[in-house]
Amino acid sequence: MWNFPILPESASSVAPDYDFAFWYEVAVGVFFTLFVLVLVLGLANRYRRGRQVDRSHPPTHSLKLEALWIGVPLVIAMSMFGISAVLYIKQFSPPGDAVEIPVVGKQWMWKLQHPEGKKEINELHLPVGQAVRLKMISQDVIHSFFIPAFRVKQDVLPGRYTEMWFRPTKIGRYRLFCTEYCGTDHSVMGGWVEVMSQADYERWLATEQAGESLVEEGRRLFVLNHCAGCHGENATVQAPRLEGVYGRPVPIQVGDRVEFVQADDRYIRDSILLPKSQVVAGYQPIMPSYQGQLSEEDLLKIIAYIKAIGNRPAPGPAAQPQYDADRGIQPAVEVPGYDVDKPPGATLLPEQTR
Ligand code: HEC
Ligand SMILES: [Cu+2]
């Protein structure tokens, strides 16, 4: 029997679109290759030496022909651009219902953890139809996370979070690869994505190793590493409270100015590893660096915890910052209601002034 698949199985919501773009471009390429080939052979035959053909007054130009060979390729190229641009935007806009799964790449394995706490190595179990957003980082060299059946691939870098999302549409078992040459055992750095029915997935999730959720583990690490000693309720140190900080702009002291920085994953990570690089306005740079003390997994858990406490409603009526949160980073010189000389605790999080 024939078993010669040209493309891997198509098992995610975007896969058919990528396949369409692929075949469309292949078709255009094949068509023009043949078209040029036929012209070359046809004309070579027609005007070959010794042939009795009219060679007087060869045309020097033709406006019609020129318009055609500019216009047709332009329309085709723009259509390719359009299709790719739509796919590109899709690729970077995860849907709101996407579940976030942290992924750590290392020589030579993938470590993944479900929000419920369950850990996996080189395997990823998922319910069909559930959108998933992978938040990925490497603890050594550059890797790349590739699931051919989902038509998604993203580099995984040391020191920087990268993201990728997909929605599996078909129950099945699909290969997953590292697709960046990353050392001796690169070729075995891969595994399987197991897409299951919702019921099977829940059964799988319930078996063995229930453990703590990602956020609970983060909370435990937060206490264990003395973060709570400074950032917690009973702290005697002047440190900002972290409730609600995630996703908001934070005032950062830059020389004698204040700039606002969005508190995203990167910001929280840098705050923990390089606390002196961005010091919150109004506070002393007394936070110790945790460089080399926390693993990438621990950092992801702590970030998940800080994100979770960020979902609590901000306490107090005046806790909303008064600057334009949508504008992200901006110099704060003109911010109304913000006094650089006063500790921002009074302006931003009034419940903390002590
Ligand atoms: C010795 C006290 C101390 C400890 C311990 C400490 N921090 Fe901090 N932290 C601070 C201070 C003070 C600041 C504000 C000044 C700055 O940005 O460096 C801060 C800032 C931060 C910020 C930025 C907050 C904001 O509002 O933008 C984050 C996030 C953070 N710390 C997380 C942690 C985590 C996580 C831990 C434990 C792994 C930790 N801190 C341990 C004192 C501490
Ligand atoms: Cu790798």
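Structure's up top.
Quick caveat: nothing in here was measured; it's all calculated off a predicted structure.

## Section: the sheet that holds strand S7 (residues 152-156)
The strand order across the open sheet built from five strands is S4-S10-S9-S6-S7, with neighbouring strands paired in mixed fashion. Both outer strands of the open sheet, strand S4 (123-127) and S7, are each paired with one neighbouring strand and no more. Across the sheet, the mean angle separating the axes of adjacent strands is 20° when strand polarity is ignored. Where strand S6 (residues 143-147) and S7 come together, five bridges link them in antiparallel fashion. Bridge assignment links Ser144 to a residue of S7, and that residue is Asp155.

## Description of the site of ligand 1
Near ligand 1, the surroundings consist of 27 residues, among which Cys227, Cys230, Ser271, Tyr283 and Met287 are the closest. In terms of residue count, helix H5 (residues 227-231) provides more of the shell around ligand 1 than any other element does, four residues in total. Residue composition of the shell around ligand 1, grouped by class: 21 nonpolar, six polar and no charged.

## Description of the packing of helix H6 (residues 265-273) against helix H7 (residues 296-310)
If you want to describe how two helices pack, look at the angle between their axes and the distance between the axes. Where H6 meets H7, the closest approach of the two axes is 10 Å, and the angle between their N-to-C directions is 120°. On the basis of the axis angle, H6 is oblique to H7. Crossing geometry of H6 relative to H7 is assigned as right-handed. Counting all contacts with H6, which are made through Asp265, Ile268, Arg269 and Ile272, the residues of H7 involved are Leu299, Ile302, Ile303 and Ile306.

## Some details on unusual backbone geometry
Geometrically, the link from Gln107 to Trp108 is a cis peptide bond, its omega value of 0° lying close to zero. With respect to the element layout, Trp108 can be found in the loop between strand S1 (99-106) and strand S2 (109-113). For His57, which is not a glycine, the phi torsion comes out positive at approximately 45°. Here His57 shows up in the loop between helix H1 (15-46) and helix H2 (63-91). Even without a glycine there, the phi angle at Arg151 is positive, about 60°. Tracing the backbone through its elements, the reader meets Arg151 in the loop between S6 and S7. Assessed through the 24 C-beta atoms surrounding it within 10 Å, Arg151 is described here as buried.

## As for H2
The first and last C-alpha atoms of H2 sit 42 Å apart over 29 residues, in line with the 42 Å expected at 1.5 Å per residue. Of all the 29 residues making up H2, zero are buried; the element is thus mostly uncovered.

## Considering the pairing of S4
Here S4 shows a clear split, with Leu124 and Leu126 buried on one side and none of Glu123, His125 and Pro127 buried on the other. Pairing geometry for S4 and strand S10 (residues 190-196), over five bridges, is parallel. What sits directly across from Leu124, in S10, is Val193.

## With respect to the sheet that holds strand S5 (residues 132-138)
Here five strands make up an open sheet; going across it, the order is S3-S2-S1-S5-S8 and the pairing mixed. Looking along the sheet, the strands with just one partner apiece sit at the ends: strand S3 (119-121) and strand S8 (162-166). Direction aside, the axes of adjacent strands within the sheet are offset by 25° on average. As defined by bridge partners, S2 adjoins S3 across three bridges and the pair is classed as antiparallel. Bridge pairing in S3 places Lys111 opposite Ile121.

What counts, and at which threshold
Residues numbered from 1 in each chain as written. Chains lettered and ligands numbered in written order. Predicted model: local features only at pLDDT ≥ 70, side-chain atom pairs only at ≥ 80, totals over all residues. Pairing = 2+ DSSP bridges. Helix = DSSP H or I, 4+ residues; strand = E, 2+ residues; numbered from the N terminus. Axes fitted to C-alpha atoms, helices over the stretch in contact; angles between N-to-C directions. Near = placed C-beta within 6 Å. Nonpolar A, V, L, I, M, F, W, Y, C, P; charged D, E, K, R; others polar. Parallel < 35°, antiparallel > 145°, perpendicular 65-115°, else oblique. Left-handed = near helix turned anticlockwise from the far one by under 90°. Contact = placed C-beta atoms within 7 Å. Buried ≥ 20, exposed ≤ 12 C-beta atoms within 10 Å, placed from the backbone. Expected span 1.5 Å × (residues − 1).

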